[in-house]
Amino acid sequence: MLIDIVSDAVCPWCYVGKRRLEAALAARPELSVEIHWHAFQLNPGMPEEGMDRESYLTSKFGSAARAASIYNDIEQAGAQEGIAFAFDSIRRTPNTIKAHRLILLAGKHDIQDAVVELLFRHYFKQGADIGDTDRLVAIAARSEEHTSELQSRRNLVCRLLLEKKTHTNLKCATVGHP
């Protein structure tokens, strides 16, 4: 069975959904599943360099109090799935085009899921700026059992992440809310 997931690495509901899908698939081990991750931009108008998290939350939700209420609901949903969101550690909301390029590259080497997991962990648990090229290269190098494969492609990863033009797949990226 092929499952296509349209997701953004800064979408907390996408992280929760990933955990729920993993639980559903674990309950049906007889299924043969192939998962493909596709680009989705939660914030298609985000500046290339990203923006200060507090400014982003205020502009998106109208006030810090409204943002806190929304994120409280997300934290509760995450806790039910074993995700300990650390929203307070996020200082910048990144533009995710480079992260999507990394996910696209990982798909060519059958390691998309591992890379997506690392992006979610680094952003939501450590507050990492996943729009930063150096950070993305480091994340790529940490892809658990595939470390040597992505490290050997470090120059390719850097080139892809630094490209100004968007890959064909990303030109057709879904924008908006899932």
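Residues numbered from 1 in each chain as written. Predicted model: local features only at pLDDT ≥ 70, side-chain atom pairs only at ≥ 80, totals over all residues. Heavy atoms only, no water.

A. Region of the structure containing helix H6 (residues 133-141). Restricting attention to buried positions, one finds in H6 the residues Thr133, Leu136, Val137, Ile139 and Ala140. Summarising the axial view, the buried residues of H6 lie within an arc of 160°, below the 170-degree limit, and thus occupy one face. The residue sitting at the N-terminus of H6 and contributing the capping side-chain oxygen is Asp132; that oxygen lies 3.3 Å from the backbone nitrogen of Asp134. (Buried < 20%, exposed > 50% of the residue type's maximum accessible area, 1.4 Å probe, protein only. Helix = DSSP H or I, 4+ residues; strand = E, 2+ residues; numbered from the N terminus. Arc of directions from axis to C-beta. Polar contact = N/O pair within 3.5 Å; in protein donor to acceptor, adjacent residues only side chain to side chain.)

B. Looking closely at the pattern of salt bridges. According to the stated counting rule, one finds eight salt bridges in the structure shown. The salt bridge partner of Glu22 is Lys18, with a shortest N-O separation of 2.4 Å. In this pair, Glu22 and Lys18 both sit in helix H1 (residues 12-26), four residues apart, roughly one turn of the helix. We classify Lys18 as buried; its relative accessible area is 4%. Measuring nitrogen to oxygen at the nearest pair gives 3.5 Å for the salt bridge that ties Asp113 to Lys18. Linking Asp113 in helix H5 (residues 112-126) with Lys18 in helix H1, this pair joins segments that are 95 residues apart in sequence. Each of Lys18, Arg19, Glu22, Asp113, Glu117 and Arg121 takes part in a single network of salt bridges with overlapping partners. (Salt bridge = Lys/Arg side-chain N within 4 Å of Asp/Glu carboxyl O.)

C. Examining H1 more closely. The end-to-end C-alpha separation of H1 is 21 Å, in line with the 21 Å expected for 15 residues at 1.5 Å each. Where H1 is buried, its residues touch strand S1 (2-7), strand S2 (34-41), helix H3 (64-80) and H5. (Expected span 1.5 Å × (residues − 1). Contact = heavy atoms within 4.5 Å.)

D. Inspection of the packing of helix H4 (residues 97-107) against H6 at higher detail. Look at H4 against H6: their axes get within 10 Å of each other, and the N-to-C directions meet at 25°. Taken together, the axes of H4 and H6 are roughly parallel relative to one another. Viewed along their axes, H4 and H6 form a crossing whose handedness is right-handed. Of the residues in H6, those in contact with Lys98, Ala99 and Leu102 of H4 are Thr133, Leu136 and Ala140. Here the residues of the contact of H4 with H6 sort into four nonpolar, one polar and one charged. (Axes fitted to C-alpha atoms, helices over the stretch in contact; angles between N-to-C directions. Parallel < 35°, antiparallel > 145°, perpendicular 65-115°, else oblique. Left-handed = near helix turned anticlockwise from the far one by under 90°. Nonpolar A, V, L, I, M, F, W, Y, C, P; charged D, E, K, R; others polar.)

E. Highlighting the packing of aromatic side chains. In the structure shown here, the tally under the stated rule is 10 aromatic pairs. Plain terms: the ring middles of Phe61 and Tyr71 are 5.9 Å apart, the flat faces sit at 85° to each other, and that makes the pair edge-to-face. With Phe61 in helix H2 (residues 53-61) and Tyr71 in helix H3, this pair connects stretches of sequence that are 10 residues apart. Considering the side-chain rings of Phe120 and Phe124, the 6.2 Å spacing of their centres and the 35° angle between planes classify their relative orientation as tilted. In this pair, Phe120 and Phe124 both sit in helix H5, four residues apart, roughly one turn of the helix. (Phe/Tyr/Trp six-rings, centres within 6.5 Å; stacked < 30°, edge-to-face > 60°.)

Honestly, it's all geometry; don't read function into it.
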